[in-house]
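Below are the chains, spelled out letter by letter.
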Amino acid sequence: MDFNGILDRLRAIDAPGLLGSDEPRPANPDDKEDKGRHGDSYVLVDPQRLTEFLIVVRDDPRLHFEVLMDLSATDPAKDDEEFWVNVQLLSVTQRHRLPIKCKLPKAAPSLPTTVPAHRGAQWHERECAEMFGIDFIGHPDLRNILLPDDWEGSPLRKDYEFPTEYHGISCE
């Protein structure tokens, strides 16, 4: 099933939290500021309903997205007020994939854990929590996996200021 077929199915089953979609488009030649949009088509989902959405698309027999390939975050710019939470799903049985994006405010970045839908999300969420400071409410174990436990800040945020020293070791 192609992206438009998947989108039609999501609308037909009234997938919870579905806010819309975005597809690549060429630049508008009449607007010098419009550079178009490249990349993959994706669906936009309400972050507070992401887990419900993932369960529905996993359990629907025509979609059957049984594999969560990736869950990550993007900080578009230092002065941007939102993160993107990016999810990539795969259906091995149906041979299609679905990119999902959720906008999350930087001021209080939190959303429910997706672990009830996909157990493998535990590792992805732990990385997002320590690298971006996103709180996954209800996550069974949000310990750091890449940084020391006493590390301060979230290194992949654009507004992060790298420390000059850590435990007497120069970081410059």
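**Looking at the packing of aromatic side chains**
At step 1: Scanning all chains against the criterion turns up five aromatic pairs.
At step 2: The interplanar angle of 80° and the centroid separation of 5.7 Å between the aromatic rings of F83 and F132 together place this pair among those described as edge-to-face. On the criterion of sequence distance, the pair formed by F83 in strand β4 (residues 82-91) and F132 in helix α3 (residues 121-132) is long-range, its members being 49 residues apart.
At step 3: Put simply, the rings of W151, Y160, F162 and Y166 touch in pairs and so form one group of aromatic residues.

**With respect to the environment of V43**
At step 1: Inspection of the secondary structure puts V43 in strand β2 (residues 42-45).
At step 2: Those residues in contact with V43 that sit more than four places away from it in its chain are F3, L7, L10, L18, G20, S21, F53, L98, P99, I100 and K101.

**Remarks on the nonpolar core**
Proteins that are soluble and globular tend to have nonpolar side chains buried together.
At step 1: Formed by 37 residues in total, the largest nonpolar core has its most connected members in F53, L98 and I100.
At step 2: Taken together, the elements giving at least two residues each to this core come down to α1 (3-12), β2, α2 (50-59), β3 (67-74), β4, β5 (96-105) and α3.
At step 3: The element contributing the most residues to this core is α3, with five residues.
At step 4: The residues touching L98, leaving out its near neighbours within four places in the chain, are F3, I6, L10, V43, F53, F65, V87, Q88 and L89.

**As for a nonpolar patch on the surface**
At step 1: Among the surface-exposed residues, W123, I145 and L146 lie close enough to one another that they form a single nonpolar patch of about 320 Å² accessible area.
At step 2: As for its position among the elements, L146 is in the loop between β7 (135-137) and β8 (165-166).
At step 3: Take L146: its relative accessible area is 52%, and that puts it in the exposed class.

**Here's the deal with the side chain of D60**
At step 1: Following the sequence through the fold, D60 ends up in the loop between α2 and β3.
At step 2: Side chain to side chain, D60 and R9 meet in a polar contact 2.7 Å long.

**Focus on the pairing of β4**
At step 1: Most of β4 is tucked away: seven of the 10 residues are buried.
At step 2: Looking at chain direction, β4 and β5 are connected through 10 bridges and run antiparallel. What sits directly across from V87, in β5, is I100.
At step 3: Between the end of β4 and the start of β5, which pair antiparallel, lie four residues, with R95 showing a positive phi angle near 60°.

**Section: the side chain of S91**
At step 1: Structurally, S91 is set in strand β4.
At step 2: A polar side-chain atom of S91 sits 3.5 Å from a polar atom in the side chain of T93.
At step 3: For S91, the residues in contact, after removing those within four places along its chain, are L63, H64, F65, E66 and H96.

**Notes on the sheet that holds β3**
At step 1: Strand order in the open sheet formed by five strands is β1-β2-β5-β4-β3, and the pairing between neighbours is mixed. Looking along the sheet, the strands with just one partner apiece sit at the ends: β1 (18-22) and β3. Adjacent strand axes in the sheet meet at a mean angle of 25° when their direction is disregarded.
At step 2: In this sheet, β2 lies alongside β1 in antiparallel orientation, the contact comprising four bridges. Each residue of the ladder has a partner; that of D22, found in β2, is Y42.
At step 3: Packing against the sheet, α1 makes contact with β1, β2 and β5, and its axis sits at approximately 165° to β1.

Basis of the calculations
Residues numbered from 1 in each chain as written. Predicted model: local features only at pLDDT ≥ 70, side-chain atom pairs only at ≥ 80, totals over all residues. Heavy atoms only, no water. Phe/Tyr/Trp six-rings, centres within 6.5 Å; stacked < 30°, edge-to-face > 60°. Helix = DSSP H or I, 4+ residues; strand = E, 2+ residues; numbered from the N terminus. Contact = heavy atoms within 4.5 Å. Core = buried A, V, L, I, M, F, W, Y, C linked by side-chain atoms within 4.5 Å. Buried < 20%, exposed > 50% of the residue type's maximum accessible area, 1.4 Å probe, protein only. Patch = residues over 30% accessible without salt bridge, like charges linked within 9 Å, V, L, I, M, F, W, Y side chains within 5 Å. Areas by Shrake-Rupley, 256 points an atom, 1.4 Å probe, with all protein chains shown as cover. Salt bridge = Lys/Arg side-chain N within 4 Å of Asp/Glu carboxyl O. Polar contact = N/O pair within 3.5 Å; in protein donor to acceptor, adjacent residues only side chain to side chain. Pairing = 2+ DSSP bridges. Axes fitted to C-alpha atoms, helices over the stretch in contact; angles between N-to-C directions.

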